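# Fold and contact review
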Amino acid sequence: MRGDTLKVVVFHEKDLPKDKRKLNDIFLKVMGTPDVKQIDRMRGTVLSFSKIAVIKKSKQVGINVDYTFCQVNIEIPVADFKANCGNISSTAGLFAIDEGLVEPITEVRVFNTSTGKVIVKRVQVKDGKACVYGDGRISGVPGTRSRIDECFESQP
């Protein structure tokens, strides 16, 4: 999926092994790391483009989905789960709507498991799916797209 100015590989948590220690190897293989050109896989080719999101329906009261961000290093075999990316977090609301994890609503409350923060997404929806096209602009990025507004809260 595209998250604002970046692309991201998105997984349903249910499709991944329960043993979280296996995620590092899976994510490195998906991205083609370690290799600065990532020729054999998704080819982010620079650290800021080598990103993965894992999303699941949340069991927390007042939260729609849980989102885990992963930054995959391109030079050494490391998948880091301790950060966040605003561009990639914008995909959490879109993915949740399109994949039926939430009713087609315009506000999705996302819990970032990597940072412990709640991110509220306001997503444009049409015919039960998140809108991709629109007149929203991002400075320095060509073209337009559907607008996604977000705000960050400290605790769920």
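Higher on the page you've got the structure.
Residues numbered from 1 in each chain as written. Predicted model: local features only at pLDDT ≥ 70, side-chain atom pairs only at ≥ 80, totals over all residues. Heavy atoms only, no water.

### Remarks on the packing of aromatic side chains
This structure, assessed with the given rule, holds two aromatic pairs. Geometrically, the ring pair formed by F11 and F27 is stacked, given 5.3 Å between the ring centres and 25 degrees between the ring planes. Highlighted residues: F11 in strand β3 (residues 9–12) and F27 in helix α1 (residues 23–31), separated in sequence by 16 residues. Residue F27 is classed as buried on the basis of its relative accessible area, which comes to 0%. Here the aromatic rings of F27 and F81 are separated by 6.0 Å at their centres, their planes lie at 40 degrees, and the arrangement is tilted. Linking F27 in helix α1 with F81 in the loop between β6 (79–80) and α2 (86–98), this pair joins segments that are 54 residues apart in sequence. Residue classification places F81 among the partly exposed positions, given a relative accessible area of 27%. Pairwise contacts between aromatic rings join F11, F27 and F81 into one cluster. (Phe/Tyr/Trp six-rings, centres within 6.5 Å; stacked < 30°, edge-to-face > 60°. Helix = DSSP H or I, 4+ residues; strand = E, 2+ residues; numbered from the N terminus. Buried < 20%, exposed > 50% of the residue type's maximum accessible area, 1.4 Å probe, protein only.)

### So, unusual backbone geometry
A positive phi angle, close to 55 degrees, is found at D127, a residue other than glycine. Here D127 is to be found in the loop between β9 (125–126) and β10 (129–130).

### Side note on α1
Quick reminder: α-helices carry 3.6 residues per turn. Residues three or four places apart thus point the same way. Those residues of α1 not exposed but buried are L23, F27, L28 and M31. Down the axis of α1, the buried set is contained in an arc of 130 degrees. They therefore lie on one face. Those residues of α1 hidden inside the fold are in contact with β3, β4 (51–57), β5 (65–72) and β6. A positive backbone phi angle near 85 degrees is found at G32, which sits one or two residues after α1. (Arc of directions from axis to C-beta. Contact = heavy atoms within 4.5 Å.)

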